[in-house]
Amino acid sequence: MVVVERELELKLVLSPERSIPVPALLSYHSDDPYAVHVTFHIGSDHPVSWTFARELLVEGVFRPCGHGDVRAWPTKVGGRGVVLMALSSPDGDALLEAPAAQVSAWLERTLRAVPPGTEAGRLGLDDGLAELLAPAPADDLWLSDPWPSDESEDGE
């Protein structure tokens, strides 16, 4: 398994004029190849983690995307390229600003680890299915005919 991580400081946008820094960890695991994980360290004993599609964040670096709980889009703030992420949950909504260059560099590393289109091969579904469907020794009892025919095999 390959793990690609990056610590960076995001900004929690409170209003157009005010934001507060939030240390975060971007994390990608090759054994969960479609997902990215963002863990926010907000000064409590329990960090807040979000998991969503890697593809959403890749697209969000270039154009607005997502709907519902997670949306991402690029913009400029003070001349700097940033990616905004809007997260919605029953506990509340958050607008986070991430430096586009750092997010893009981290995403590029994840795409080198597991190129787009090869994710399904990383899930091990074929191996898991083969293991599930492989006959076990006890299966021989169930696979044999419990009521052998009265007819002989040579047609007598």
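So, how was this worked out
- Residues numbered from 1 in each chain as written.
- Predicted model: local features only at pLDDT ≥ 70, side-chain atom pairs only at ≥ 80, totals over all residues.
- Heavy atoms only, no water.
- Helix = DSSP H or I, 4+ residues; strand = E, 2+ residues; numbered from the N terminus.
- Buried < 20%, exposed > 50% of the residue type's maximum accessible area, 1.4 Å probe, protein only.
- Contact = heavy atoms within 4.5 Å.
- Core = buried A, V, L, I, M, F, W, Y, C linked by side-chain atoms within 4.5 Å.
- Pairing = 2+ DSSP bridges.
- Axes fitted to C-alpha atoms, helices over the stretch in contact; angles between N-to-C directions.

(A) Up close: the overall build of the protein. The helix and strand tally for the protein stands at five helices and eight strands. Order of helices (α) and strands (β) in the protein, N terminus to C terminus: β-β-β-β-α-β-β-β-β-α-α-α-α. When burial is assessed residue by residue, the protein has 29% of its 156 residues classed as buried. In the protein, the share of contacts with a sequence separation of at least 24, taken over all contacts with a separation of at least 6, comes to 35%.

(B) Geometry of the nonpolar core. Judged by nonpolar contacts, the single largest core of 29 residues is most densely connected at Leu-10, Phe-40, Phe-52, Leu-57, Met-85 and Trp-106. Counting residues per element, this core draws most heavily on helix H2 (residues 100-113), which supplies five residues. With sequence-adjacent residues up to four places away left out, Leu-57 is seen in contact with Val-36, Phe-52, Val-83, Met-85, Val-103, Trp-106 and Leu-107.

(C) Highlighting the sheet that holds strand E8 (residues 92-99). With antiparallel pairing, eight strands are arranged side by side in an open sheet as E4-E3-E2-E1-E8-E7-E6-E5. The two strands at the open ends of the sheet, each matched to only one other strand, are strand E4 (48-53) and strand E5 (65-67). On average, adjacent strands in this sheet sit at an angle of 35° to one another, irrespective of strand direction. Contacting strand E1 (3-15), strand E2 (18-29), strand E3 (35-40), strand E7 (80-89) and E8, H2 crosses the sheet at an angle of about 150° to E1.

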